Amino acid sequence: MDIQENTQEKPLDFIRQIIADDLRSGKHAAIVTRFPPEPNGFLHIGHAKSICLNFGIGLENNGPCHMRFDDTNPSKEESAYVESIMRDVRWLGFDWGKNLFYASDYFDQLYDYAVQLIRMGKAYVCDLTGEQIREYRGTLTEPGRESPYRNREVAENLDLFQRMRAGEFDEGSRVLRAKIDMASPNLNMRDPVIYRILKVAHHRTGDRWCIYPMYDYTHCISDAIEGITHSLCTLEFEDHRPLYDWVLDTLATPCHPRQIEFARLNLTYTVMSKRKILQLVNGGYVQGWDDPRMLTISGLRRRGYPPSAIRSFCAQIGIGKKESWIDMGVLEDAVRNDLNETAPRVMGVLDPIKVIIDNYPESRVEEMEAQNHPQRPEMGARMLPFSREIYIEGSDFMENPPKKYFRLGPDREVRLRYAYLIRFVSMVKDEKTGEIVEIHCTYDPATRGGTAPDGRKVKGTIHWVSANQALACPVRLYDRLFTVAHPDAEKDVDFKDYLNPDSMKILDNCMVEPALAGMEPGSQVQFERQGYFCLDLIDSKKGRPVCNRIVTLRDSWAKEQGR
RNA sequence: UGGGGGAUGGUCUAAUGGUAAGACAGCGGACUCUGACUCCGCUUAUCGAGGUUCGAGCCCUCGUCCCCCAGCCA
């Protein structure tokens with residue numbers, strides 16, 4: 001697979017420029033990056049940006065990109081998340097080869113480094129409570145005060161730290177802190193906690209440890225151990241960089257990677273934070289983490305997004321330091337572009353209305369040849385059964401059509417795609433409801449295939465399925481989860497108030513062409529004139545498809561009507 | 001009123017002292033057996049004020065606005 005598809009001719013983003021400079025100057029002969037998720041939740045489209053960046057840079061420079069789980073907080077982490085994260089990254093098309101790591105692999109080394117820090121007089125065991133530590137830390141504008149335990153002897157610190165590890169003290173009773181500067185204007189430098197007691201089993205190390213290292217201390221050392229050259233993270237870690245550098249400058253680590261921060265992804269019409277996504281799942285607003293309306297990787301997969309579309313989206317939005325909101329339309333555009341190239345075309349009628357072709361022989365069934373992709377003849381053709389009774393789309397007939405309506409109506413002629421020209425004769429309405437229940441037409445036998453030998457022009461072409469051979473197929477129409485571009489913009493309004501009540505519509509009466517019966521769950525198709533759909537991975541069975549709408553086609557008629 | 005970042009069309013991204021470019025959105029048109037695709041055209045931007053320079057989005061100065069930081073989370 002050519003994963004570099006969209007990275008070829010674009011100008012380099014600022015991170016890739018730094019990397020190119022480092023290569024050119026000889027600072028580095030090779031590049032090593034890493035993707036460092038915490039296994040405490042599912043990956044979403046925002047992570048995809050980071051994945052594409054880190055693995056993309058790896059691919060471009062023939063350098064590895066390590067997969068490293070940042071698993072230093074066992075109270076939140078589970079191996080189930082490890083599995084799902086690996087699955088999602090692989091599905092996105094990336095491969096870490098043998099470079100699978102866990103921060104927990106480094107617990108022994110991390111401990112040894114901490115002992116070194118103590119020996120250097122650069123770390124101390126502090127007995128202050130959490131609350132006291134906060135009080136001593138000072139505020140944004142006032143310096144902090146030194147802990148009364150700050151000047152403990154090295155020997156005492158060593159002893160206490162060893163006993164912390166041995167489990168002699170209660171959770172929360174003591175921590176190990178780096179001794180830096182309580183007056184620093186950067187709060188992260190005011191003697192940050194680097195180890196805390198957590199009497200919790202770890203998903204990988206079990207009960208071996210009851211003290212666990214903190215992120216700031218762990219991440220930089222893990223990077224250094226692995227020989228990472230460029231450690232890419234999001235903007236909120238900018239303030240942490242001085243601490244990242246302090247640890248690596250203080251300790252004799254194998255190398256000193258450079259941390260570079262970039263802006264995280266924000267998308268309109270959705271929420272991105274783990275906390276809010278969790279609320280949607282736990283509150284039953286969506287049907288789980290892989291609900292097709294969710295922008296989790298698993299949700300996108302279930303929705304039918306090809307990984308290549310997500311990759312090209314990530315390439316398109318670029319990397320910068322400015323906080324930005326990408327319009328959902330850009331993501332949708334990326335899927336349409338991708339699927340337009342690859343998805344076979346198919347006939348599917350979502351809101352069937354029966355058409356009876358009065359002059360067509362009752363028992364006859366013809367086979368009409370239909371292209372699988374009009375622009376790609378190499379994708380071949382299939383045969384569509386045609387007969388006297390067919391279904392067409394409810395919206396393709398109007399009793400009183402407005403101007404510029406090209407479809408079927410009284411006294412009109414339209415083309416049935418790949419079949420015949422038909423002309424309206426009459427319609428039958430339900431006596432009680434007034435609803436149109438069937439339409440009678442005649443066909444022109446001379447127009448087989450869809451072209452009139454007399455050269456007469458027919459503006460409208462509509463899709464159809466043969467009533468007898470059609471396959472009933474439940475369809476779910478998905479739409480944006482929220483009705484406003486920035487659902488979580490207002491602090492005093494619950495973002496859930498903006499949930500789109502029509503984000504999922506379930507249609508039970510859809511009729512699709514028989515070819516769908518032979519398709520594998522997960523396959524993507526275009527229902528001509530309607531949109532891209534996929535056969536649901538879970539609910540579709542061979543021969544009994546259930547389809548999800550991935551995205552609609554652009555629809556200039558709908559736009560016209562909206563005016 | 002501490003520290004760290006950031007400001008280019010409606011939204012993203014580029015221009016690395018030398019014609020402000022591309023994508024998405026929008027508008028208009030062509031083509032069309034998908035009102036799709038494709039193609040053509042158009043509208044819309046350098047936060048402000050000074051300065052340096054032949055020349056500034058880019059360099060300097062002073063402002064303005066926005067974001068992040070006071071977890072024993074990552």
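Preceding this paragraph is the structure being described.
Conventions and cut-offs
Residues numbered from 1 in each chain as written. Chains lettered and ligands numbered in written order. Predicted model: local features only at pLDDT ≥ 70, side-chain atom pairs only at ≥ 80, totals over all residues. Heavy atoms only, no water. Pairing = 2+ DSSP bridges. Helix = DSSP H or I, 4+ residues; strand = E, 2+ residues; numbered from the N terminus. Axes fitted to C-alpha atoms, helices over the stretch in contact; angles between N-to-C directions. Contact = heavy atoms within 4.5 Å. Buried < 20%, exposed > 50% of the residue type's maximum accessible area, 1.4 Å probe, protein only. Parallel < 35°, antiparallel > 145°, perpendicular 65-115°, else oblique. Left-handed = near helix turned anticlockwise from the far one by under 90°. Nonpolar A, V, L, I, M, F, W, Y, C, P; charged D, E, K, R; others polar. Core = buried A, V, L, I, M, F, W, Y, C linked by side-chain atoms within 4.5 Å. Salt bridge = Lys/Arg side-chain N within 4 Å of Asp/Glu carboxyl O. Phe/Tyr/Trp six-rings, centres within 6.5 Å; stacked < 30°, edge-to-face > 60°. Lys NZ or Arg CZ within 6 Å of the ring centre and 35° of its normal. Near = heavy atom within 4 Å. Polar contact = N/O pair within 3.5 Å; in protein donor to acceptor, adjacent residues only side chain to side chain. Right-handed = clockwise from strand over helix to strand, strands pointing away. Lys, Arg positive; Asp, Glu negative; His and termini not counted.

So, the sheet that holds strand S1 (residues 33-35)
An order of S1-S2-S3 is seen for the 3 strands of this open sheet, with the pairing classed as parallel. The open sheet terminates on both sides in strands that have one partner only, identified here as S1 and strand S3 (100-102). Across the sheet, the axes of successive neighbouring strands diverge by a mean angle of 35°, strand direction being ignored. In this sheet, S3 lies alongside strand S2 (residues 65-69) in parallel orientation, the contact comprising 3 bridges. Considered in S3, the bridge of Met67 is made with Leu100. Of the strands in this sheet, S1, S2 and S3 are in contact with helix H3 (residues 79-91), which crosses S2 at around 160°. Packing of helix H7 (residues 215-226) onto the sheet brings it into contact with S1, S2 and S3, and relative to S2 it is tilted by some 140°.

Focus: the environment of Gly329
Relative to the elements of secondary structure, Gly329 occurs in helix H12 (residues 328-342). On the basis of relative accessible area, Gly329 is assigned to the partly exposed category, the value being 25%.

Some remarks on the packing of helix H4 (residues 107-119) against helix H6 (residues 154-166)
At a closest axis distance of 9 Å, the pairing of H4 and H6 adopts a crossing angle of 160°. On the basis of the axis angle, H4 is roughly antiparallel to H6. When the axes of H4 and H6 are compared, the crossing they make is right-handed. Residues Asp108, Tyr111, Ala114, Val115, Ile118 and Arg119 of H4 lie in contact with H6, whose contacting residues are Val154, Asn157, Leu158, Phe161, Gln162 and Arg165. Counted by class, the contact of H4 with H6 contains 7 nonpolar, 2 polar and 3 charged residues.

Focus: the nonpolar core
Ranked by size, the top nonpolar core spans 42 residues in total, and within it Ile45, Val89, Leu267 and Phe313 carry the most contacts. Breaking this core down by element, the ones donating at least two residues are helix H2 (45-60), S2, H3, helix H10 (297-303), helix H11 (307-317), H12, strand S26 (531-535) and strand S27 (547-552). Each residue touching Val89, except ones within four places of it in the same chain, is listed here: Phe35, Leu43, Ile51, Phe55, Met67, Phe94 and Trp96. Core analysis: the next-biggest nonpolar cluster, separate from the first, contains 37 residues, Ile118, Ile197, Val247 and Leu248 among them.

Details of the sheet that holds strand S4 (residues 123-126)
Here we have 4 strands laid out as an open sheet, ordered S4-S5-S6-S7, and antiparallel in their pairing. Every interior strand has two partners, whereas the edge strands, S4 and strand S7 (211-213), have only one. For this sheet the average axis-to-axis angle between neighbouring strands, irrespective of direction, equals 20°. As judged from the 3 bridges shared by strand S6 (residues 193-197) and S7, these two strands associate in the antiparallel manner. Directly across from Ile197, in S7, lies its bridge partner Ile211. Each of S4, strand S5 (175-178), S6 and S7 is contacted by H6, which is oriented at about 60° to S4, the strand it contacts most.

A closer look at the pattern of salt bridges
Tallied over the full model, the rule gives 45 salt bridges. Among the ionic pairs, Arg174 bridges to Asp127, the shortest N-O distance being 2.8 Å. Of this pair, Arg174 sits in the loop between H6 and S5 while Asp127 sits in the loop between S4 and helix H5 (130-137); the two residues are 47 residues apart in sequence, bridging distant segments of the chain. One exposure class covers both Arg174 and Asp127, and it is buried.

Some words on the packing of aromatic side chains
On inspection of all chains with the given rule, the structure shows 21 aromatic pairs. Between Tyr360 and Phe386, the ring centres sit 5.2 Å apart and the planes meet at 80°, which makes this aromatic pair edge-to-face. Of this pair, Tyr360 sits in the loop between strand S12 (352-357) and strand S13 (365-371) while Phe386 is found in strand S14 (residues 381-387), placing the two residues 26 residues apart along the sequence. On the basis of relative accessibility, which here comes to 1%, the residue Tyr360 falls in the buried class. Residue classification places Phe386 among the buried residues on the basis of a relative accessible area of 0%. Among the aromatic residues, those joined into a cluster by ring pairs are Phe107, Tyr111, Phe161, Tyr195, Trp209, Tyr212 and Tyr217. Taking NZ or CZ as reference, Arg145 lies 4.2 Å from the ring centre of Tyr136, over its face.

Quick notes on the pairing of strand S22 (residues 475-478)
Judged by which residues are buried, S22 turns out to be covered on both faces: Val475 and Leu477 on one side and Arg476 and Tyr478 on the other are all buried. In this sheet, strand S23 (residues 504-507) lies alongside S22 in antiparallel orientation, the contact comprising 4 bridges. Along S23, the bridge assignment pairs Arg476 with Ile506.

Details of the protein's contact with RNA strand B
Taken together, 68 residues lie near RNA strand B, and Gln17, Lys322, Glu323, Gly449 and Arg554 sit nearest. Of what RNA strand B places within 4 Å of the protein, 64% of the atoms are sugar or phosphate. Contacts to RNA strand B include Gly130, whose backbone N or O atom sits 3.2 Å from a base nitrogen. For RNA strand B, a base oxygen lies 2.5 Å from a polar atom in the side chain of Arg345. When contributions to the surface near RNA strand B are tallied by element, the ones reaching two or more residues are H5, S6, H11, H12 and helix H13 (556-561). Class assignment for the residues of the surface near RNA strand B results in 22 nonpolar, 20 polar and 26 charged.

A few points about the pairing of strand S8 (residues 230-234)
Most of S8 is tucked away, with 5 of its 5 residues classed as buried. Burial along S8 is two-sided: the residues His230, Leu232 and Thr234 and Ser231 and Cys233 are all buried. Alignment of S8 against strand S9 (residues 258-262), held across 5 bridges, turns out to be parallel. Across the sheet, Thr234 pairs through a bridge with Phe262, a residue of S9. What joins S8 to S9 is helix H8 (residues 241-250), and the crossover it makes is right-handed.

A look at the side chain of Asp216
Mapped onto the elements of the fold, Asp216 is located in helix H7. The buried charged residue Asp216 lacks any salt bridge, with Arg137 as its nearest oppositely charged partner at 9.5 Å. There is a polar contact of 2.8 Å between the side chain of Asp216 and the side chain of His240. Excluding anything up to four places from it in sequence, Asp216 contacts His240 and Leu243.

So, unusual backbone geometry
Across residues other than glycine, the phi torsion is negative in most instances, and most of the peptide bonds are trans. The backbone phi angle of Asn62 is positive, close to 55°, even though this residue is not glycine. Looking at the secondary structure, you find Asn62 in the loop between H2 and S2. Under the relative-accessibility criterion, Asn62 is labelled exposed at 76%. Its identity is not glycine, yet Arg529 carries a phi of approximately 70°, on the positive side. Tracing the backbone through its elements, the reader meets Arg529 in the loop between strand S25 (524-527) and S26.

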